[in-house]
Amino acid sequence: MNVRVLSVASEALPLVKTGGLADVVGALPAAVEPHGVKMTVMVPGYPSVMRAIGKGRQLHAYASLVGEPARLLSARIGDHALVVLDAPAWFSREGNPYTAGDGKDWPDNWRRFAALGRAAADLAGGLVKGKRFDLLHAHDWQAAMAPAYLRFAPPEGGRAVPSVMTIHNMAFQGWFGAETFAGLGLPRSAWSMHGVEYHGGVGFLKAGLEAASAITTVSPTYAAEIRDPQFGMGLEGLIVSRGERVRGILNGIDTVQWNPETDPEIAERFTARKLDRRLRNKRALEEEFALEPGDGPLFVVISRLTWQKGMDVLVEVLDHLVGIGARLAVLGAGDAAMEQGLRQAAARHPGRIGVLVGYDEALAHRMQAGGDAILVPSRFEPCGLTQLYGLAYGCVPVVARTGGLADTVIDANPAAIAAGVATGIQFGRIDRQTLAHAIDRAVALYGDRDEWRRIQRNGMRCDFSWQASGKAYADLYRSLIG
Ligand code: ADP
């Protein structure tokens with residue numbers, strides 16, 4: 001029999017995306033379906049979502065959900081079921097789902113995402129007749145109150161359902177002052193070390209991690225790393241205490257969206273056997289970024305411009321990168337100082353460094369198709385998707401050895417080269433020397449055209465589809481519903 005799962009998150013492709021979370025939540029329903037799981041995705045009704053679903057069918061109307069009227073609407077997301085939390089007081093705001101126009105978090109984020117959690121717990125617990133769920137799957141802090149409500153304030157007369165809490169990034173924990181507790185509608189008993197209380201306030205992710213039946217994160221290495229303060233960011237003790245209940249399941253990629261053989265966005269389609277065809281994509285990319293065409297390696301970066309992503313260190317090595325004959329195209333947005341550092345480097349090296357500040361999904365495809373190598377110098381990386389897209393497109397990943405980057409790229413060390421299995425380059429610490437050395441290695445390898453092609457082909461033949469991970473999630477769900 002099918003297992004019915006409600007998957008709750010603050011973003012999901014193709015409706016709303018700020019990062020990898022959306023790719024994963026959007027891809028999961030199809031990933032688990034072959035393994036007997038029917039998944040319904042639940043997201044807030046931001047303007048973009050409301051426009052996409054049209055009217056929807058009303059499942060339930062709240063006179064007051066955490067203080068404001070709200071409705072649950074049923075719709076479709078591709079071939080899969082979707083539930084939208086239509087609460088205009090909280091979600092009818094254009095732009096980024098979490099921040100106001102000035103880039104600062106909305107001050108009522110605690111209330112907005114408590115509402116998402118409350119409604120998800122109600123729905124999973126049987127609020128709507130004819131909609132039964134066997135399990136609730138919550139993603140990141142914005143959905144983390146759902147398992148907490150199921151545990152500490154379950155819907156009256158509802159069914160007890162198990163829950164899974166997935167950490168896509170431990171750096172975002174959703175901490176709010178103690179004064180918010182009274183607005184959450186939780187019993188006093190939930191204000192405890194084993195409840196929602198965290199450092200004198202309310203910790204949304206912490207609450208979800210305490211309450212969930214099982215915890216996952218998005219790569220095996222990150223699952224191990226978050227037991228350590230450097231990566232656990234205060235929650236390492238809780239992770240260690242949950243022991244065997246924490247596991248890492250690697251994200252897959254959407255191999256229909258990200259397939260160089262059929263990609264409609266790129267100048268010329270190609271396969272592992274027809275790598276020569278990449279050249280037209282490289283020339284097109286050079287033109288798009290106003291770079292001098294050339295035979296030397298063209299690096300690309302597609303990233304949020306943040307400390308996590310090591311973009312400050314990248315800025316420091318750009319003169320070196322140009323000095324050894326390489327070029328770079330950057331697409332990203334984020335930290336103003338990093339944007340400025342990149343722009344200044346582009347101004348110092350016209351024709352060698354091109355920077356586009358912004359978010360452009362189609363351009364991301366063209367960069368993977370035309371770039372020779374993608375740089376991912378993250379200080380930590382729960383899974384990372386851009387290196388997986390790079391592997392699929394023959395854009396060789398040059399990555400920090402952390403989290404999912406460590407799990408998905410095989411460093412071209414002598415043993416891996418001798419065995420014919422290398423797929424990219426890994427480096428240890430995130431500092432200027434180490435990154436510069438990794439770039440040197442990439443440039444040297446690129447000079448050996450046969451070896452470089454072998455590395456490209458090895459990467460393109462890797463299977464990072466959802467096949468294995470879809471099964472891993474389905475097995476986990478089954479183990480919890482018993
Ligand atoms: P994170 O979720 O931490 O930002 P991931 O590597 O897991 O990092 O996912 C990032 C996703 O966002 C990828 O799909 C990547 O292609 C995309 N992306 C990041 N920045 C941009 C951008 N400026 N324009 C287009 N796509 C971007």
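Nothing here was measured: the structure is a model prediction, and the numbers come from that model.

Q: When you look at the overall build of the protein in this model, what are you seeing that I'm missing?
A: Helix and strand counts for the protein stand at 20 helices and 18 strands. In terms of overall size, the protein behaves like a compact globule, its C-alpha atoms giving a radius of gyration of 23 Å where 482 residues would be expected to give roughly 23 Å. Principal-axis analysis of the C-alpha atoms places the extent of the protein at approximately 70 × 45 × 45 Å. The burial tally for the protein puts 59% of its 482 residues in the buried class. Of all intrachain contacts in the protein linking residues separated by at least 6 positions in sequence, the fraction that spans at least 24 positions is 72%. In the form shown here, the protein has an accessible surface area of approximately 19000 Å², with 52% of it arising from carbon and sulfur atoms. Averaged over its 51 positive side-chain charges, the protein has a centre that lies 6 Å from the centre of its 50 negative ones.

Q: Please explain unusual backbone geometry as it appears in this structure.
A: Both trends apply: most residues other than glycine have a negative phi, and most peptide bonds are in trans. With an omega dihedral of 0°, the bond running from leucine 13 to proline 14 counts as a cis peptide bond. Positioned with a positive phi, valine 66 is a non-glycine residue whose angle comes to about 50°. Along the chain, the position of valine 66 falls in the loop between strand 3 (57-65) and strand 4 (68-77). In this structure, histidine 199 takes a positive phi of about 50° despite not being glycine. Along the chain, histidine 199 turns up in the loop between strand 9 (197-198) and strand 10 (201-203).

Q: I'm lost on the packing of helix 6 (residues 145-152) against helix 7 (residues 204-211) in this one. Help?
A: Helix packing geometry: the angle between the two helix axes and the distance between the axes. For the pair helix 6 and helix 7, the least separation of the axes is 7 Å and the interaxial angle reads 50°. On the basis of their axis angle, the class for helix 6 and helix 7 is oblique. Judged by the sense of rotation from one axis to the other, the crossing of helix 6 with helix 7 is left-handed. Taking contact as the criterion, the partners of Met145, Pro147, Ala148, Arg151 and Phe152 in helix 6 are, on helix 7, Phe204, Ala207, Gly208, Glu210 and Ala211.

Q: Got a minute to help me understand the state of the cysteines in this structure?
A: Scanning all chains against the criterion turns up zero disulfides. In this structure cysteine 383 is not part of a disulfide, and its nearest cysteine sulfur, from cysteine 462, lies 13 Å away. Classification of cysteine 383 as buried rests on a relative accessible area of 2%. Cysteine cysteine 395 is unpaired, with the sulfur of cysteine 462 as its nearest cysteine sulfur at 14 Å.

Q: Teacher, can you tell me more about the nonpolar core here?
A: Burial of nonpolar side chains together is a common tendency in soluble globular proteins. The biggest cluster of nonpolar side chains holds 82 residues, and the ones touching the most others in it are Met42, Leu85, Leu184, Leu186, Phe204 and Leu209. With 10 residues, helix 4 (residues 109-124) is the largest single contributor of residues to this core. The residues touching leucine 186, leaving out its near neighbours within four places in the chain, are Met145, Tyr149, Phe152, Ala153, Phe181 and Val196. Within the second largest apolar cluster, 73 residues are counted, among which are Leu285, Val301, Val322 and Leu445.

Q: Got a minute to help me understand the pattern of salt bridges in this structure?
A: In a structure, side chains of opposite charge can pair up when their charged atoms sit close to one another. Under the defined criterion, the tally for this structure stands at 24 salt bridges. Of the charged contacts in the structure, one is a salt bridge between glutamate 268 and arginine 277, with a shortest N-O distance of 3.8 Å. We classify glutamate 268 as partly exposed; its relative accessible area is 23%. Arginine 277 sits in the partly exposed class, given a relative accessible area of 36%. In this structure, arginine 352 and glutamate 292 form a salt bridge, with 3.2 Å as the shortest nitrogen-oxygen distance. Of this pair, arginine 352 sits in the loop between helix 13 (336-348) and strand 15 (353-357) while glutamate 292 sits in the loop between helix 11 (278-288) and strand 13 (298-305); the two residues are 60 residues apart in sequence, bridging distant segments of the chain. Several salt bridges converge on common partners, so that one network encompasses Arg4, Asp134 and Arg159.

Q: Any chance you could explain the site of the ligand here in plain terms?
A: Looking at the ligand, there are 18 residues lining it, with Gly20, Arg304, Lys309, Gly358 and Leu385 nearest. Between the ligand and lysine 309 there is a distance of 2.9 Å, counted from an oxygen atom to a side-chain nitrogen or oxygen. Interatomic distance of 2.9 Å between a backbone N/O atom of leucine 385 and an oxygen atom of the ligand. The fraction of the free accessible surface of the ligand (570 Å²) that becomes covered by protein chains is 92%. For the shell around the ligand, the elements supplying multiple residues, two or more each, are helix 1 (20-32), strand 13, strand 14 (327-334) and helix 15 (386-393). Of all the elements, strand 13 adds the most residues to the shell around the ligand, at three residues.

Procedures and definitions
Residues numbered from 1 in each chain as written. Predicted model: local features only at pLDDT ≥ 70, side-chain atom pairs only at ≥ 80, totals over all residues. Heavy atoms only, no water. Helix = DSSP H or I, 4+ residues; strand = E, 2+ residues; numbered from the N terminus. Rg over C-alpha atoms; globule rule 2.2 N^0.38 Å. Buried < 20%, exposed > 50% of the residue type's maximum accessible area, 1.4 Å probe, protein only. Contact = heavy atoms within 4.5 Å. Areas by Shrake-Rupley, 256 points an atom, 1.4 Å probe, with all protein chains shown as cover. Lys, Arg positive; Asp, Glu negative; His and termini not counted. Charge placed at Lys NZ, Arg CZ, Asp CG, Glu CD. Axes fitted to C-alpha atoms, helices over the stretch in contact; angles between N-to-C directions. Parallel < 35°, antiparallel > 145°, perpendicular 65-115°, else oblique. Left-handed = near helix turned anticlockwise from the far one by under 90°. Disulfide = S-S within 2.5 Å. Core = buried A, V, L, I, M, F, W, Y, C linked by side-chain atoms within 4.5 Å. Salt bridge = Lys/Arg side-chain N within 4 Å of Asp/Glu carboxyl O. Near = heavy atom within 4 Å. Polar contact = N/O pair within 3.5 Å; in protein donor to acceptor, adjacent residues only side chain to side chain.

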